[in-house]
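If you want the building blocks of each chain, they are given just below.
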Amino acid sequence: MKPIALPLTLDIAGIPVPAGSKTAIRMGERIVMVPAGLTQKLQQRRRDWHSAVELAGTQAAGPGKVRKDALSLSIVFVMPRPKHHYGTGRNDGIIKERFVSARPTGKPDTTKLLRCVEDRLTGILWHDDAQIVMQMASKQYTKQGEDSGAYVCVDSFDETVLLSNPMEKILCPTTPN
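None of these values were measured; they are calculated from a predicted model.

With their axes 9 Å apart at the nearest point, helix α1 (residues 40-61) and helix α2 (residues 110-121) run at an angle of 55° to one another. As the angle between them shows, α1 and α2 are arranged oblique. Judged by the sense of rotation from one axis to the other, the crossing of α1 with α2 is right-handed. Here α1 contributes W49, H50, V53, E54 and G57 to the contact with α2, which in turn contributes C116, V117, R120 and L121. Considering only residue class, the contact of α1 with α2 consists of five nonpolar, two polar and two charged.

On to the sheet that holds strand β5 (residues 132-141), then. Here four strands make up an open sheet; going across it, the order is β1-β6-β4-β5 and the pairing mixed. Pairing within the sheet leaves two strands with one partner each, and these edge strands are β1 (8-13) and β5. Neighbour-to-neighbour, the strand axes of the sheet open up by a mean angle of 10°, direction not taken into account. Relative to β5, strand β4 (residues 71-79) runs parallel, the two sharing nine bridges. Paired with M79 across the bridge in β5 is Y141.

Looking at the element boundaries, S148 is found in the loop between β5 and β6 (149-156). Setting aside its immediate chain neighbours within four residues, S148 contacts I12, A13, G14, I15, P16, V78, M79, P80 and T142.

I12, W49 and L125 are the most contacted members of the largest nonpolar core, which has 31 residues in total. When residues no more than four places from it in sequence are discounted, the contact partners of W49 are I12, A13, G14, I15, P16, V17, F77, C116, V117, G149 and A150.

Procedures and definitions
Residues numbered from 1 in each chain as written. Predicted model: local features only at pLDDT ≥ 70, side-chain atom pairs only at ≥ 80, totals over all residues. Heavy atoms only, no water. Axes fitted to C-alpha atoms, helices over the stretch in contact; angles between N-to-C directions. Helix = DSSP H or I, 4+ residues; strand = E, 2+ residues; numbered from the N terminus. Parallel < 35°, antiparallel > 145°, perpendicular 65-115°, else oblique. Left-handed = near helix turned anticlockwise from the far one by under 90°. Contact = heavy atoms within 4.5 Å. Nonpolar A, V, L, I, M, F, W, Y, C, P; charged D, E, K, R; others polar. Pairing = 2+ DSSP bridges. Core = buried A, V, L, I, M, F, W, Y, C linked by side-chain atoms within 4.5 Å. Buried < 20%, exposed > 50% of the residue type's maximum accessible area, 1.4 Å probe, protein only.

This is how it looks when you write it as structure tokens:
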């Protein structure tokens, strides 16, 4: 069987949920890691998101074998807007002008959202998430009429994007030296 063909894109529907924190508890002589402080509602949202990620990954992978090479991963998380971003009455469902360009700067952290997707796709698209040697992740609010979820692109790692001098500023090119 051939490895999964790249590049591969996934469109994951649902409300993105972070990987979350764990708490160590003692059970007799053993110490066990358990999810920290999750309500039943949050546990269900997490299960729903995990299922959506795994389903999208499985469908996109097809019959291919998991990848074992270096990969790049790009993800855009599309978060649901808070209710106060929308008008009321005759403007019900319309994003208020002052919130059109708002960004989700609060929790959940982008890195925890990313970690959740990496973990759920391990064994489906890649053998180990340590194979992801280059990644880009961002989060934004839904646009008018758009559903929440995530857009994912997995590709082979391209050596040509690396700089000969890793100390060069590639992310902030306008910053003075």
